[in-house]
Amino acid sequence: MINRAVRMNYHTNLLELEEHMYPLVDVQTPNVFHNLFPYTEVPKIAFNDRIVPHHMPDDIWITDTTFRDGQQSRAPYSTEQIVTIFDYLHKLGGPNGRIRQSEFFLYSKKDRDAVYKCLERGYKFPEVTSWIRASKKDFELVKDIGLKETGILVSCSDYHIFYKMKMTRKQAMEHYLSVIRECLETGISPRCHLEDITRADIYGYVIPFCLELNKLMEEYSIPIKVRCCDTMGYGVNYPGAVIPRSIPGIIYGILTHAGIPSELIEFHGHNDFYKAVSNSTTAWLYGASGVNCSLFGIGERTGNTPLEAMVFEYAQIKGSLDGMDTRVITELAKYYEKEIGYKVPSTTPFVGSAFNVTRAGIHADGLLKNEEIYNIFDTDKFLGRPPQVAVSNTSGLAGIAHWINNHYRLSGEKQVQKNSELVQMVKAWVDAQYEEGRVTVLTDEELISVIEESCARLNITL
């Protein structure tokens, strides 16, 4: 019997002893957890009330997959568009590099041209990394370009190992480790993408595999990252939920039982069950330093974790933006709409055209008195977008007054009040529109026209 070392945990300041060994469980038939994922029923979230502790890393960051996973669900970006977006990401991440890396395909000349142009920028952050096929030829390509790290697909669920790859767990592990060794031989740092981890046998395959990665790190003295990919969005953040659906359980196992340090653990979420953001934050809280995101959540099927969401999650957890320039988020949304032709859905948090727009008169009245009542934070300061009121049949006098003050940037004594003659005149016109059968919100152009006409009749200027 092997006596395992007693080690100090400098997060808890307690001595720890890991008593269990985790050898590969090389099953003859796949374990696809049909008790949790019955295909003809809605997946089940089961609990065993095994609670694992928070283990917030000293440093956390965001990594970007806009040009990799984000390109798998839309028309490819042009080289010029990639470089422009990369510039925006650099500015958004700030001088402290909160957006740590951005990953690229290397398949085509267009992809490689974009990589070269981004490298020419000379930015420390985001670091340019790649995603390649697991072959010696591609490893050499990464080395020739001068990249220090590359992603490698190492699918870990029996769905992928048995049904897609037609291998056993042992065969898959040996294949992956041989490929990773080839990568290390070229001096490149591998980033192992543990695909479909939320349907994998965590202690029968994932932990044993990560233990083998630790051995390779010791042998080559080259860091190997582990990316936990919630490929189907099955992950949950609920305390006491069973693995493999438990994000706390997965991160805890890789950190504690496989011994992979936080700075080498990354989470990659999908939004099939609306949990990408909460799962990414949970990964941070339980020990992953990195969360992998794409701009506006654009990605496979329902998309990835939105990068802009995690910027604000970071600020909420850390109490600071740490130099991130959040106004760039609005600039990016405008760039996507005007230059790329991608329209972000209007109600999307932080970036949609209506995310801080109210249509209810009672809410507009509150905004008019104090915008803190109905605005999430100072959206003008952080996003360059003050709260708005859309004028309709439910806006009331307060909504119209707020719209006028906001649009014409009126402040202090210059602000119009809801009982002013101008507001009442515009309100009468609005009411007439809906009495005649209108059902749509009034456009800015219509409101500007009637306001200017009313000002002329009242002989006032705004």
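Each chain has its residues counted from 1, following the order in which its sequence is written. Only residues with pLDDT of at least 70 get local features here, since the model is predicted, and only at 80 or more are side-chain atom pairs given and counted; chain-wide, interface and lining totals rely on the full set of residues. Note that the side-chain values use all heavy atoms of the structure and ignore hydrogens as well as water.

Draft legend 1. Broad picture of the sheet that holds strand 6 (residues 149-153). Strand pairing requires that DSSP identify at least two bridges connecting the strands. Starting at the N terminus, helices and strands are each numbered in turn, a helix being any DSSP run of H or I of at least four residues and a strand any DSSP run of E of at least two. The strand order 3-4-5-6-7-8-9-10 describes a closed barrel built from eight strands, whose pairing is parallel. Strand after strand, the sheet turns through a mean of 25 degrees between neighbouring axes, direction not considered. Bridge analysis of strand 6 against strand 7 (residues 189-194) gives five bridges, and the strand direction is parallel. Following the sheet pairing, L153 is matched in strand 7 by H193. Throughout, a contact is declared for two residues whenever any of their heavy atoms are within 4.5 Å. Axis angles are defined between N-to-C directions and span 0 to 180 degrees, where every axis is a line fitted to C-alpha atoms and, for a helix, only to the segment in contact. In the packing of helix 1 (residues 79-93) onto the sheet, the strands contacted are strand 3 (61-64), strand 4 (99-105) and strand 5 (127-131), and the crossing angle to strand 4 comes to about 165 degrees.

Draft legend 2. Expanded view of the pattern of salt bridges. One side-chain nitrogen of Lys or Arg within 4 Å of one carboxyl oxygen of Asp or Glu is enough to make a salt bridge. Counting across every chain of the model gives 24 salt bridges. Taking the shortest distance from any N to any O, the salt bridge between D111 and K110 comes out at 3.7 Å.

Draft legend 3. Molecular detail of the nonpolar core. Nonpolar cores were defined as sets of buried Ala, Val, Leu, Ile, Met, Phe, Trp, Tyr and Cys residues, with membership established by side-chain atoms within 4.5 Å. Classification of residues uses two cut-offs on accessible area relative to the type maximum, computed with a 1.4 Å probe and protein chains only: under 20% is buried, over 50% is exposed, and between them is partly exposed. Counting residues in each nonpolar core, the largest one holds 97 residues, and the members touching the most others are I85, I180, V206, F209, I254 and Y336. Top contributing element to this core by residue count: helix 6 (residues 202-220), with ten residues. Every residue in contact with V206, bar those within four places of it in the chain, is listed here: C156, L194, I197, A200, D201 and I254. In this structure, V391, L410, V426 and V430 belong to the second largest nonpolar core, which totals 19 residues.

Draft legend 4. Expanded view of helix 3 (residues 136-145). Buried within helix 3 are the following residues: D138, F139, V142 and I145. Buried residues of helix 3, viewed axially, fall in a sector of 130 degrees; they line one side. Away from its buried face by more than 90 degrees, helix 3 exposes K137 and D144. In the segment just after helix 3, G146 is the residue with positive phi, at about 100 degrees. Each direction from the helix axis to a C-beta atom contributes to the arc, which is the arc of those directions.

Draft legend 5. Seen up close, the pairing of strand 4. Taken across its seven residues, strand 4 has seven buried, putting it largely inside the fold. As paired elements, strand 3 and strand 4 share three bridges and run parallel to each other. In the strand pairing of strand 4, I62 is matched with I99. Seen with its strands pointing away from the viewer, a crossover is right-handed when the path leading from the first strand over the helix to the second is clockwise. This β-α-β element, strand 3 to helix 1 to strand 4, shows right-handed connectivity.

Draft legend 6. Structural detail: the pairing of strand 1 (residues 6-9). In this structure, strand 1 lies alongside strand 2 (residues 14-17), joined through four bridges in antiparallel fashion. Bridging from a neighbouring strand, N9 pairs with L14 of strand 2. Counted between consecutive antiparallel strands, the loop separating strand 1 from strand 2 contains four residues, among which N13 sits at a positive phi close to 60 degrees.

Draft legend 7. Here's a closer look at the environment of A390. Take A390: it is sitting in the loop between strand 12 (388-389) and helix 13 (396-407). It is 6.3 Å that separates the C-alpha atoms of A390 and V357, two residues lying 33 residues apart in sequence. Non-local contacts of A390, meaning those with residues more than four positions away in its chain, are made with V357, T358, R359, S395 and V441.

Draft legend 8. A look at helix 15 (residues 444-458). Working rule for helices: expected span equals 1.5 Å times residues minus one. In a regular helix each residue adds 1.5 Å, so 15 residues correspond to 21 Å; helix 15 covers 21 Å between its end C-alpha atoms and thus fits that length. L447, V450, I451, S454, C455 and L458 are the residues of helix 15 that are buried. Along the axis of helix 15, the buried positions cluster into a sector of 140 degrees, meaning they face one direction only. In this structure, helix 15 carries E445, A456 and R457 as exposed residues pointing more than 90 degrees from its buried face. Those residues of helix 15 that are buried lie in contact with helix 13 and helix 14 (421-435). Taken from the residues just after helix 15, N459 is the one with a positive phi, measuring 60 degrees.

Draft legend 9. View of the packing of helix 5 (residues 169-185) against helix 6. Where helix 5 contacts helix 6, the two axes come as close as 11 Å, and the packing angle between them is 25 degrees. When the interaxial angle is binned, helix 5 and helix 6 end up roughly parallel. Here helix 5 and helix 6 pass one another in a crossing that is right-handed. In contact with R169, A172, M173, Y176, L177, I180, R181, L184 and E185 of helix 5, helix 6 contributes G204, Y205, P208, F209, E212, L213, L216, E219 and Y220. Gly counts as polar in this scheme, as do all residues outside two lists: the nonpolar Ala, Val, Leu, Ile, Met, Phe, Trp, Tyr, Cys and Pro, and the charged Asp, Glu, Lys and Arg. A class-by-class count of the residues in the contact of helix 5 with helix 6 yields twelve nonpolar, one polar and five charged. Note on angle classes: values under 35 degrees are labelled roughly parallel, values over 145 roughly antiparallel, values of 65 to 115 roughly perpendicular, and the remainder oblique. Two helices that cross are described as forming a left-handed crossing if the nearer one is turned anticlockwise from the farther one by less than a right angle, and a right-handed crossing if clockwise.

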